[in-house]
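# Commentary on secondary and tertiary structure
Listed below, chain by chain, are the residues.
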Amino acid sequence: MPLVAAAVLLLGACGGGSAPAPAPAPGTSSGTSSAAPQPGGGTASPAGDYAVEPPGPLRGSTLEGPDMLVYSQDPLSEEMVEQIAGLRGVDAVEPLAMAQVPVEDKVINLAAVDPATYRRFVPAPSARLLEAWRRVAGGEIAVLPEMKRKIPMDDQGFLSLGNVRDAPKAHVGAYVAQVPQVDAVVNEKWGAVLGMKPGNALLVSTDITAPQALRKPIQQIAGEDASVQILGPDLDTSVQQTAFLVGSVADAVGTFNYTVLGGGRIAPDPAWVTEHIRTEPVPILGAVTCNKAIFPQLRAALTEVVQRGLTAEIKPDEYAGCYYPRFIAGSTKLSNHSFGLALDFNVPGNLRGTVGEMDRTVVAIFKKWGFGWGGDWRYTDPMHFEMVAIVEPRT
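Residues numbered from 1 in each chain as written. Predicted model: local features only at pLDDT ≥ 70, side-chain atom pairs only at ≥ 80, totals over all residues. Heavy atoms only, no water.

If you check an unreviewed UniProt entry, the protein appears there as M15 family peptidase from Nocardioides marmotae.

What follows is the structure, given as structure tokens:
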């Protein structure tokens, strides 16, 4: 029992705390949980709307974790998967969808999986926790145990999957170990709701074969645009990575590959930078470098700030930038600034964890024009504003 308790914490149907005895998994014959997904942040829907076939008892042995991850902007074809699975030294493969989801100041790696087969790849104690995987099948989300105090759930145990205004909400049903570089998992129906690309990632188990020996043949099959990385506790920074953002502003952001530089910086694909990143003049701040999608409503917000006599409330000499391709300090998680949709204002008086000094009318103006404010986060970041909705100013 102590091993199980350390591996997973199952939540009550609608509560944010642990339950002495886990409730029946949503979507099973035992009952229907009210902890249903909430697409668009609206009223909870019946759990069965986002349920898939519940898994049965674990069949076969666990795989002691995958050795490699293939990750691409586009789905890997069935032929590619079959060719990789057929390579000498490959023990098992598991297709899944992967994407990044901004959650306040973090960008978490989310996978949409078949819980019945994906569970073979996670650590054995977690793989055997049938109730956890039934909850994923029933429409809930399973999250890494170490993220319990880092993700901002509401008092009913729901997590917004994105910072955008219309971000869908999933109920956290389990804290359970995942494969390396995956922070949380949902089922494949949830993947479709979020706009994830089915099969754009592949877990590969090589058993006794050294994964380094298989990297080149797998890369040849998957193509040069795919990231073929060896999995471990740390990100494999020797290969290119893929940034695939989901949410209502995702189409504006675009998907890009990137390489890892020193000092926590990344280098996005130059073609993506050319297509999406611009330096243009805006009121108050002058020339700024951001994603091109942000400029119409950034100009509209700053113009209204000027028109309402609040120009002095934004200090150009205390502006800390918009597009800054990097990881969050001390991690290998992408910063929201990597996509060019976030801005930091009046830095000295608006540090992390404080109420800050931002004028609340200025905050309201930015919210009107489609920006979210870090001052509303659980761990506040009052200097931070980011685009969370597409708002088209009338001309």
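That was the structure; now back to the text.
## Some words on the overall build of the protein
The secondary structure content of the protein amounts to eleven helices and 18 strands. Accessible area of the protein: about 16700 Å², with a carbon and sulfur share of 53%. (Helix = DSSP H or I, 4+ residues; strand = E, 2+ residues; numbered from the N terminus. Areas by Shrake-Rupley, 256 points an atom, 1.4 Å probe, with all protein chains shown as cover.)

## Here's the deal with the nonpolar core
One finds Y118, I141 and V185 to be the most contacted residues of the largest nonpolar core, which totals 50 residues. Contact partners of I141, with chain neighbours within four places excluded, come to L110, L159, L161, A170, H171, V172, G173, A174, A184, V185 and V186. Counting 46 residues, the second-largest nonpolar core is a separate cluster that includes V107, V253, F256 and F366. (Core = buried A, V, L, I, M, F, W, Y, C linked by side-chain atoms within 4.5 Å. Buried < 20%, exposed > 50% of the residue type's maximum accessible area, 1.4 Å probe, protein only. Contact = heavy atoms within 4.5 Å.)

## Some remarks on the pairing of strand 8 (residues 184-187)
Burial along strand 8 is two-sided: A184 and V186 facing one way and V185 and N187 facing the other are all buried. Pairing between strand 4 (residues 106-113) and strand 8: four bridges, direction parallel. Within strand 8, the residue paired with A112 across the bridge is V186. Here two bridges tie strand 5 (residues 141-143) to strand 8, and the two strands are oriented antiparallel to one another. Counted as the bridge partner of A142 is V185 from strand 8. (Pairing = 2+ DSSP bridges.)

## Description of the sheet that holds strand 11 (residues 241-243)
Taking strand neighbours across the sheet as the criterion, the three strands line up as 11-12-13 in an open arrangement whose pairing is antiparallel. Of all the strands in the sheet, the pair left with one neighbour each is strand 11 and strand 13 (266-268). Between one strand axis and the next, the sheet turns through 35° on average, direction left out of account. Relative to strand 12 (residues 256-260), strand 11 is paired through three bridges, and the arrangement is antiparallel. (Axes fitted to C-alpha atoms, helices over the stretch in contact; angles between N-to-C directions.)

## Structural notes on the pattern of salt bridges
Counted under the stated rule, the structure contains ten salt bridges. Note that R135 and E131 form a salt bridge whose closest N and O atoms lie 3.1 Å from each other. Taken as a pair, R135 and E131 lie in helix 5 (residues 130-137) at a separation of four residues, close to a single helical turn. Accessibility expressed as a relative area gives 2% for R135, which makes it buried. Salt bridges here are not isolated pairs; linked through shared partners, they connect E131, R135 and E140. (Salt bridge = Lys/Arg side-chain N within 4 Å of Asp/Glu carboxyl O.)

## Regarding the state of the cysteines
As enumerated under the stated definition, the model contains one disulfide in all. Between the sulfur of C290 and that of C322 lies a disulfide, 2.3 Å long from S to S. Of note, the bridge from C290 to C322 carries an S-S torsion of about 135° and is right-handed in sense. With a gap of 32 residues between them, C290 in strand 15 (residues 286-291) and C322 in the loop between helix 10 (295-307) and strand 16 (342-344) connect regions that are remote in the sequence. Across this residue pair, the class does not change: C290 and C322 are buried. (Disulfide = S-S within 2.5 Å.)

## Some words on the packing of aromatic side chains
By the definition in use, this model includes 13 aromatic pairs. A centroid spacing of 6.3 Å and a plane angle of 70° characterise the contact between Y258 and F327, whose relative ring orientation is edge-to-face. Of this pair, Y258 sits in strand 12 while F327 sits in the loop between helix 10 and strand 16, placing them 69 residues apart in sequence. When its relative accessible area of 6% is taken as the criterion, Y258 is described as buried. Residue F327 is classed as buried on the basis of its relative accessible area, which comes to 4%. (Phe/Tyr/Trp six-rings, centres within 6.5 Å; stacked < 30°, edge-to-face > 60°.)

## Notes on the pairing of strand 3 (residues 92-103)
For strand 3, the tally of buried residues reaches ten of twelve residues, placing the bulk of the element in the interior. Bridge count for strand 3 against strand 9 (residues 201-205) is five bridges, and the pairing is antiparallel. By the bridge assignment, E94 is partnered in strand 9 with L203. Of the pairings in the sheet, the one linking strand 3 to strand 4 comprises seven bridges and is antiparallel in character. If you follow P102 over to strand 4, its bridge partner there is V107.

## Structural notes on the packing of helix 10 against helix 11 (residues 360-368)
Each pair of packed helices gets described by two things: the angle between the helix axes and the distance between those axes. In the contact formed by helix 10 and helix 11, the axes pass within 9 Å of each other and the chain directions differ by 150°. Here helix 10 lies roughly antiparallel to helix 11, going by the angle between them. Helix-helix and strand crossings are classified by hand; for helix 10 and helix 11 the assignment is right-handed. When helix 10 is examined against helix 11, the residues L298, A301, L302, E304 and V305 are found in contact with a partner set consisting of V362, I365, F366 and K368. Residues belonging to the contact of helix 10 with helix 11 are distributed by class as follows: seven nonpolar, no polar and two charged. (Parallel < 35°, antiparallel > 145°, perpendicular 65-115°, else oblique. Left-handed = near helix turned anticlockwise from the far one by under 90°. Nonpolar A, V, L, I, M, F, W, Y, C, P; charged D, E, K, R; others polar.)

## Quick word on the packing of helix 2 (residues 78-85) against helix 7 (residues 212-222)
Running from N to C, helix 2 and helix 7 cross one another at 165°; their axes reach a closest spacing of 9 Å. One element, helix 2, and the other, helix 7, form an angle in the roughly antiparallel class. In the packing of helix 2 onto helix 7, the handedness of the crossing is right-handed. Seen from helix 2, the contacting residues are M80, Q83 and I84; seen from helix 7, they are I218, I221 and A222. Taken together, the residues that form the contact of helix 2 with helix 7 break down as five nonpolar, one polar and no charged.

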